[in-house]
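A look at the structure
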Amino acid sequence: MSGGVDSSVTAALLREQGHEVVGATMKLWGGDGDSGCCSVSDVDDARRVAQQIGVDFHVFNFTEQFDRDVVSHYVDAYADGFAPNPCVECNRHLKFDRFIERAMQLDFDAVATGHYARIEYRNGHYEMYRSRDMAKDQSYVLHMLGQEQLARTLFPLGNMIKSEVRAHAQRLNLRTATKPDSQDVCFIKKHDGREGFLKDRIDLKPGTVIDHDTGEQTATVAAVQLVTIGQRRGVTPGRDGKRRYVIDVNQEDAIVTVGSESDLMVDRVSMHSFAWTSTAPPRGERVSLQTSAHGVPAQGQWDGETVHLDKPVRRPAPGQSGVLYDGDRVWGGGIIS
Amino acid sequence: MPVNLDAAATAPLRPEAYAVMDRWMRDGGGNPSSAHGLGRQARTALEDARDEVAALVGAAPAEVIFTSGGTEADNLAVRAGLGRQIGCSTIEHKAVLLPAAVAGAQTVAVNANGLVDLDALEQMSLDMVSIGIVNNEIGAVQDLAAVRKAIGCDVILHTDAAQAPAWIDVATECSQADLISLSAHKFGGPTGVGALVARRHVALEPLLLGGGQERELRSGTQNVAGAIGMAVALRTATVERDAAVARVTRLRDELLDALVARPGIEETVPRELRVANNAHVLLPQVDIEALLVLLDEVGIYASAGSACASGAMEPSHVLEALGQPGLSGLRLTLSWLTTPSDIELAVKAISSATTRLAA
């Protein structure tokens, strides 16, 4: 229970259905934070909802593991020039690993969250699908869940649309019924963002910006590690007035290369460090590839580590997750090289 | 029936305290600051309570300032050292440590048994020292006479005595202190009321400004019901203390003996150095957070002694000050109502839970 309306309704519905439910919040970030979920006031909201629906409530302190598996990973990724997705790592190591482990320690049968995704048992194994509410689908950040996790996880909201969820919350008079959804990374503060967080942890190096077409230096950047491939924000337009995008970053020489959108297009995306729901897609399989939480999937052919796209896409930033789908069914995914 | 072994968090409200508060709230009332008859009635009840508390802790009535509880008393006490050199032990309650840190205090280490380093204290040049007489986590009792000897007569000595009155004679053991914090709900009074005992020569700076109550040291309409309940609870605790100490010590010892007989459970500090009701143990190999949930599920209430604002278990600064792992402590604290059957149930539950978690 994060203190948001989704997990509140999840707990309430399961209770209504007659399950023995206990609510828990994970304390993950011990430092300063004012955005994202699980602040003290969010924990208060979660606790209050648990009281309102009549279930016991606990807070689990997993800050040490979070620091190791999510925060340090985030810092190291940026230091090495990758663009990490901390919410993916949190799901991988905390929400569906440590949390499930704690649930098993306490003799529970399963964990449930307010995520929008569907789990079904078909052909002798568990499968994961996009949620019914396509706008809220979170299967992308859940792609790493395998049979062990799926056998012990429930996503009651997977077949509901957001407005139905809020309607349940209103019906149950939950404190969080009208609470806005949290969007941000939980350990990054709104006012100084990623840079504020990283500047005390990485030696941020300034770099030069070179235009791919002319070879000329067009600008400098204060922190080359914070520049993401595909980035348009903060990049001055080219002499022709057209938009420029970051098409490459050389961390060692501190050179950012910018180019036009066509320079950014790629016809294939390679990945590593895979996690599959059940098995990897066979070589030659037609797949759709999603490279960001809200990105539009692109169709292509899988060769075992690379998706050869039907149509070029903008190059996704290395370090992001690439998730493969068979229609609405999740194959799993990996880290983009 | 749940087994409450978390009396240090809050002790059961004594029926004597409840009875007088009930009577007062039903038939009494009034603002002690009002000049008229109703005010006089309230004022009298308040002053009767003040006299009682003062007598029981060995102070003059004018030296008792009613507060909203122990935390406010601690904050008010530390404020007396503002702008001067303050020292406090590393194992003080956060209600002392935090305001002390804001005031730029230095800390004094404790030994592995939680006793303050008197030699170090003697070397330090301080204007005020805060050493809690009974530690709320491990139950260790400080020798305030020895502390006074180490610091000399000119240093203000504050002691947080919140956990003391049900188990030790505050009047005698805290006689060397210039400032004493009291918290009613720790000895069977209601929550929401406490007191700072401030010997006459100590200059206090008020925290709360307003109507000038408590001789301008603590503005705000006094909690008369609370003060009455506090006074009666303190009287009952004092009268029953020797018998309670004898009985509870036996039960505590039984609990400790049964626990430390099991592998992986250690006595945190020697029991002779603790108050009668404290059975804090160390379980370095056990996931204490999970243990507490398992115990909670079978109705055994205990604590790890340290939680953050969100309610998550935090590493204990007290254990770390002793050189022990911060997340290894299980705090079990008995009350004067604890029974032999409670101990039996607790031992069974802890044994079963630790076995399960080891698997």
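A brief look at the structure comes next. Just so we're clear, the structure is a prediction, and the values are computed from it rather than from any experiment. (Residues numbered from 1 in each chain as written. Chains lettered and ligands numbered in written order. Predicted model: local features only at pLDDT ≥ 70, side-chain atom pairs only at ≥ 80, totals over all residues. Heavy atoms only, no water.)

Concerning the packing of aromatic side chains
Residue and element names in this part refer to chain A. Enumeration over the complete set of coordinates arrives at 15 aromatic pairs over all chains. Both rings, one in Trp 276 and one in Trp 302, keep their centres 5.9 Å apart while their planes meet at 80°; by these two values the pair is edge-to-face. Highlighted residues: Trp 276 in strand E11 (residues 265–276) and Trp 302 in strand E13 (residues 298–302), separated in sequence by 26 residues. Here a set of aromatic residues connected by ring pairs shows up, and it is made of Trp 29, Phe 66, Tyr 74, Tyr 78, Phe 187 and Phe 197. (Phe/Tyr/Trp six-rings, centres within 6.5 Å; stacked < 30°, edge-to-face > 60°. Helix = DSSP H or I, 4+ residues; strand = E, 2+ residues; numbered from the N terminus.)

As for the sheet that holds strand E12 (residues 329–330) of chain B
Residues and elements named next belong to chain B. An order of E9-E10-E12 is seen for the three strands of this open sheet, with the pairing classed as antiparallel. Looking at strand neighbours, the two that pair on one side only are strand E9 (266–267) and E12, the edges of this open sheet. Here E9 pairs with strand E10 (residues 281–282) via two bridges, running antiparallel. Across the sheet, residue Glu 267 finds its bridge partner in E10, namely Val 281. (Pairing = 2+ DSSP bridges.)

Here we look at the packing of helix H2 (residues 37–57) of chain B against helix H8 (residues 224–260) of chain B
Residues and elements named next belong to chain B. The contact between H2 and H8 brings their axes to 9 Å, and the two run at 30°. As summarised for this structure, H2 and H8 are arranged roughly parallel, according to the angle between their axes. In the packing of H2 onto H8, the handedness of the crossing is left-handed. Contacts between H2 and H8 involve Ala 42, Ala 45, Leu 46, Ala 49, Glu 52, Val 53, Leu 56 and Val 57 from the former and Val 224, Ala 227, Ile 228, Met 230, Ala 231, Leu 234, Arg 235 and Thr 238 from the latter. Split into classes, the residues belonging to the contact of H2 with H8 amount to 13 nonpolar, one polar and two charged. (Axes fitted to C-alpha atoms, helices over the stretch in contact; angles between N-to-C directions. Parallel < 35°, antiparallel > 145°, perpendicular 65-115°, else oblique. Left-handed = near helix turned anticlockwise from the far one by under 90°. Contact = heavy atoms within 4.5 Å. Nonpolar A, V, L, I, M, F, W, Y, C, P; charged D, E, K, R; others polar.)

Some points on the packing of helix H1 (residues 5–16) of chain A against helix H6 (residues 162–171) of chain A
All names here are of chain A. Here H1 crosses H6 at 65°, and the two axes come no closer than 9 Å. Relative to H6, the element H1 lies roughly perpendicular. Every pair of crossing elements has a handedness; the one defined by H1 and H6 is left-handed. Taken together, the residues of H6 that come into contact with H1 (itself represented by Val 5, Asp 6, Val 9, Leu 13 and Glu 16) are Lys 162, Val 165, Arg 166, His 168, Ala 169 and Arg 171.

Let's talk about the side chain of Asn 61 of chain A
Note on placement: Asn 61 of chain A falls in strand E2 (residues 56–61). We classify Asn 61 of chain A as buried; its relative accessible area is 18%. Of note is the side chain of Asn 61 of chain A, whose polar atom sits 2.7 Å from the side chain of Thr 63 of chain A. One polar contact links Asn 61 of chain A to Glu 314 of chain B, side chain to side chain, over a distance of 3.1 Å. If near-sequence neighbours (up to four positions away) are discounted, Asn 61 of chain A is found in contact with Lys 27 of chain A together with Glu 289, Ala 312, Met 313 and Glu 314 of chain B. (Buried < 20%, exposed > 50% of the residue type's maximum accessible area, 1.4 Å probe, protein only. Polar contact = N/O pair within 3.5 Å; in protein donor to acceptor, adjacent residues only side chain to side chain.)

Quick look at unusual backbone geometry
Notably, Asn 123 of chain A is not glycine yet its phi reads approximately 55°, a positive angle. Locating Asn 123 of chain A in the fold gives a position in the loop between strand E4 (118–122) and strand E5 (125–129). Unusually for a residue other than glycine, Glu 216 of chain B sits at a positive phi of about 65°. Relative to the elements of secondary structure, Glu 216 of chain B occurs in the loop between strand E8 (194–198) and H8.

Things to note about the nonpolar core
Phe 66 and Phe 187 of chain A together with Phe 66, Leu 255 and Leu 330 of chain B are the most contacted members of the largest nonpolar core, which has 134 residues in total. Broken down by element, this core gets its largest block of residues, 12 residues, from H8 of chain B. In contact with Phe 66 of chain B, not counting residues within four places along its chain, are Leu 46, Ala 49, Arg 50, Val 53, Val 193, Gly 194, Ala 195, Glu 214, Arg 218, Ala 227 and Met 230 of chain B. (Core = buried A, V, L, I, M, F, W, Y, C linked by side-chain atoms within 4.5 Å.)

Brief notes about empty space enclosed by the protein
All names here are of chain A. Tallying each qualifying case throughout the model produces five cavities of 30 Å³ or more. Computed from the structure, the largest cavity encloses a volume of approximately 60 Å³. Around the largest cavity, the lining residues are Tyr 78, Gly 81, Phe 82, Ala 83, Gln 225, Leu 226, Val 227, Thr 228, Ile 229, Val 249, Ala 317 and Pro 318. (1 Å grid on protein atoms, 1.4 Å probe; cavity = no way out; pocket = protein on both sides within 12 Å on 5 of 7 lines; lining within 4 Å. Points joined across faces, edges and corners; volume = space filled by probe spheres on them.)

Quick word on the interface of chain B and chain A
The partner chain A presents 16 residues to the 16 residues of chain B that form the contact. Between chain B and chain A, roughly 1300 Å² of surface is buried when both sides are summed, and carbon and sulfur atoms account for 48% of that area. Our count for the chain B to chain A interface comes out at five salt bridges. Linking Asp 107 of chain A and Arg 356 of chain B is a salt bridge whose minimum nitrogen-to-oxygen distance equals 3.6 Å. Taken together, the connections running from chain B to chain A amount to 11 residue pairs in polar contact (both at pLDDT 80 or more). At the level of elements, helix H9 (288–297) and helix H11 (340–358) of chain B are the ones that each hand at least two residues to the side of chain B that touches chain A. Top element by residues in the side of chain B that touches chain A is H9 of chain B. It accounts for six residues. Its residues assigned to classes, the side of chain B that touches chain A comprises eight nonpolar, two polar and six charged. (Buried area = accessible area lost by both parts, 1.4 Å probe. Salt bridge = Lys/Arg side-chain N within 4 Å of Asp/Glu carboxyl O.)

Some details on the sheet that holds strand E8 (residues 217–221) of chain A
All names here are of chain A. Strand order across the open sheet formed by four strands is E8-E7-E10-E9, with mixed pairing between neighbours. Strands with a single pairing partner mark the edges of an open sheet, and in this sheet they are E8 and strand E9 (245–250). The average angle at which neighbouring strand axes cross in this sheet is 25°, direction not considered. Relative to strand E10 (residues 255–259), strand E7 (residues 207–211) runs parallel, the two sharing four bridges. Bridge pairing in E10 places Ile 210 opposite Thr 257.

With respect to the pairing of E7 of chain A
Residues and elements named next belong to chain A. Taken together, the four bridges between E7 and E8 define a ladder with antiparallel strand orientation. Note on E8: the bridge partner recorded for Thr 208 is Thr 220. Between E7 and E8, which pair antiparallel one after the other, the connecting turn spans five residues, and Gly 215 there sits at a positive phi close to 75°.

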